[in-house]
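Fold and geometry: a report
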Amino acid sequence: MKLIKAYVLISLISLVLIQCSSAEKTRNIAADDKNPSWIDTPHDMYPQEQYFTGVGTGDSRDAAENNAIGSIAKIFQSQVRVSQSLQEAFLETENSFKSESQMNRNTRIGSNLELKNVKVQQSHFSSKDGLYYVLATLDRLETAGLYKDDISKNNASISETYLDAQNAPDKIKKYVLLSRAKAKYDQNQGLKEIYKILMPTKAEIPEAVTGDEINKELNEATEQISAGLQPDANCPPAVSDYIKELIGKIGFPMKEGRTDFIFKYNLTLNPAEMNRSDMTGFNWKLTVEIIDNISGSSMNAFNVDKRTLGISEEQAKLKIMKSVQEEITGSLYKKFIEYMAQK
């Protein structure tokens, strides 16, 4: 009988110990899974007057991190207006700031413009909802100092490039240097807008050369460079319209006779062999040669060789001409700008 009572007592003690252990585990899980306070109130840890903060969530840490950084970038994207100048290809990108830590991240907020010095400060995984949480910050004063340095360096570069343009050996080189100064100036305006958001009470950083001065000189230089058309006799007239559109984007005046740049071009269409009766198509080739009479050279020939199908001959030709327009005003335009930028 005593043995039975002892056995029952031991069993009861074991049961109590098991229940206590289970309860302790439950408390530990709840404590481990409790979301940190910075998820809802990040400014308690990083004061709003000193930091921009962003909290992001995601199925992975990378996704949460990108969302956190993106939420900070949106503060600037909504206020920074970056000029989409036609001289983007002339811009010499200078990465004047390198992250000292892998915790620092740069994120693009516009053309040729990045938001610097974003730092990932905190991360948390919640097993309860299966999500990662990340807190990112941007130190206003620290980052403003980086941008002030960049603006000052750009100012010096703009001034130097602008002065070099005054002594350029020919009109193409002058156009290129002024385009580069314009591109740097446009970039600097974006940097200044970021600086204003970071330090709204600080005085504006003075300019070495004004935008009006650069634009005036660039417009005058552009007017000095002429372009002419030389289509093949069998080239569809619409192609000439697309070439004119390209030249118009740059701003060079078009003239007859000998010009600084001559655009020679042709478009050929040949019926494609088809194995189906419900479609028709053409093999087509666009060729453009740009002769540079100033340097006595030519840009590498621009060639596009494709096949286009349609439910009718008319539809196929319409699709071809749309593609030709995109190639000329997009790809060819970019290649021509890059060609000039190397001068």
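The model shown is predicted, which means the values in this text are computed figures rather than measured ones.

Reading guide: rules and limits
Residues numbered from 1 in each chain as written. Predicted model: local features only at pLDDT ≥ 70, side-chain atom pairs only at ≥ 80, totals over all residues. Heavy atoms only, no water. Helix = DSSP H or I, 4+ residues; strand = E, 2+ residues; numbered from the N terminus. Contact = heavy atoms within 4.5 Å. Areas by Shrake-Rupley, 256 points an atom, 1.4 Å probe, with all protein chains shown as cover. Salt bridge = Lys/Arg side-chain N within 4 Å of Asp/Glu carboxyl O. Buried < 20%, exposed > 50% of the residue type's maximum accessible area, 1.4 Å probe, protein only. Expected span 1.5 Å × (residues − 1). Arc of directions from axis to C-beta. Pairing = 2+ DSSP bridges. Axes fitted to C-alpha atoms, helices over the stretch in contact; angles between N-to-C directions. Left-handed = near helix turned anticlockwise from the far one by under 90°. Nonpolar A, V, L, I, M, F, W, Y, C, P; charged D, E, K, R; others polar. Bend = angle between axes of the 7 residues up to and from the residue. Phe/Tyr/Trp six-rings, centres within 6.5 Å; stacked < 30°, edge-to-face > 60°. Parallel < 35°, antiparallel > 145°, perpendicular 65-115°, else oblique.

Here the focus is the overall build of the protein. Assigned secondary structure in the protein consists of 7 helices and 8 strands. Across the protein, every contact between residues at least 6 apart in sequence was considered, and the portion connecting residues at least 24 apart equals 69%. When the accessible surface of the protein is summed, it comes to about 19,400 Å², and 49% of that surface belongs to carbon and sulfur atoms.

The next point concerns the pattern of salt bridges. Counted under the stated rule, the structure contains 12 salt bridges. Note that R61 is salt-bridged to E65, the shortest N-O span being 3.6 Å. Of this pair, R61 and E65 both sit in helix α2 (residues 61–77), 4 residues apart, which is roughly one turn of the helix. Taking the shortest distance from any N to any O, the salt bridge between K171 and D260 comes out at 3.0 Å. With a gap of 89 residues between them, K171 in helix α4 (residues 171–198) and D260 in the loop between α6 (237–250) and β6 (261–271) connect regions that are remote in the sequence. Classification of D260 by relative accessible area gives buried; the value is 11%.

Tracing the chain through its elements places K255 in the loop between α6 and β6. Residues within four places of K255 in sequence aside, it is in contact with S226, A227 and G228.

With that settled, consider α6. In this model, α6 (14 residues) spans 21 Å end to end at C-alpha, consistent with the 20 Å of a helix rising 1.5 Å per residue. Within the sequence span of α6, burial applies to V239, S240, Y242, I243, L246, I247 and I250. Angular distribution of buried residues about the axis of α6 spans 160°; they occupy a single face of the element. Set apart from the buried face of α6 by more than 90 degrees, the exposed residues are P237 and G248. Among the structural elements, α4, α5 (211–223), β5 (227–231), β6, β7 (280–292) and α7 (313–341) are those in contact with the buried residues of α6.

On to the sheet that holds β6, then. Strand order in this open sheet of 4 strands is β5-β6-β7-β8, and the pairing throughout is mixed. Bordering the open sheet on either side are β5 and β8 (297–310), each of which pairs with just one other strand. Neighbouring strand axes in the sheet, compared pairwise and without regard to direction, differ in orientation by 15° on average. Summarising the sheet, β6 and β7 pair through 11 bridges and their orientation is antiparallel. Bridging across to β7, I262 finds its partner in I291.

A word on the packing of α6 against α7. Viewed as axis vectors pointing N to C, α6 and α7 meet at an angle of 35°, and their least axial separation amounts to 9 Å. Judged by the sense of rotation from one axis to the other, the crossing of α6 with α7 is right-handed. Contact residues: α6 offers A238, V239, Y242, I243, E245, L246, K249 and I250, while α7 offers M321, V324, Q325, I328, T329, L332, Y333, F336, I337 and M340. Residues that form the contact of α6 with α7 fall into these classes: 14 nonpolar, 2 polar and 2 charged.

As a further point, take α7. In a regular helix each residue adds 1.5 Å, so 29 residues correspond to 42 Å; α7 covers 41 Å between its end C-alpha atoms and thus fits that length. At L332, α7 is bent by approximately 30°, the largest bend along its length.

Attention now moves to the packing of aromatic side chains. Where two aromatic rings form a pair, the distance of their centres and the angle of their planes describe that pair. Across all of its chains, the model carries 7 aromatic pairs by this definition. Taking the centre distance of 5.3 Å and the plane angle of 65° together, the rings of Y175 and F252 count as edge-to-face. Of this pair, Y175 sits in helix α4 while F252 sits in the loop between α6 and β6, placing them 77 residues apart in sequence. Side by side, Y175 and F252 carry an identical accessibility label, which is buried. Ring geometry for F263 against F336: centres 5.5 Å apart, planes inclined by 75°, an arrangement best described as edge-to-face. With F263 in strand β6 and F336 in helix α7, this residue pair connects regions lying 73 residues apart in the sequence. Grouping residues by exposure puts F263 and F336 together as buried.

Below, the discussion takes up the pairing of β5. Sheet analysis places β5 next to β6, joined by 5 bridges and oriented parallel. Bridged to G228 within β6 is I262.

For the rest of this paragraph, the subject is the packing of helix α3 (residues 140–166) against α4. At a minimum axis distance of 9 Å, the contact between α3 and α4 shows a crossing angle of 160°. By the angle between their directions, the pair α3 and α4 is classed as roughly antiparallel. Pair α3 / α4 crosses with left-handed handedness. Residue composition of the contact of α3 with α4, by class: 15 nonpolar, 8 polar and 8 charged.

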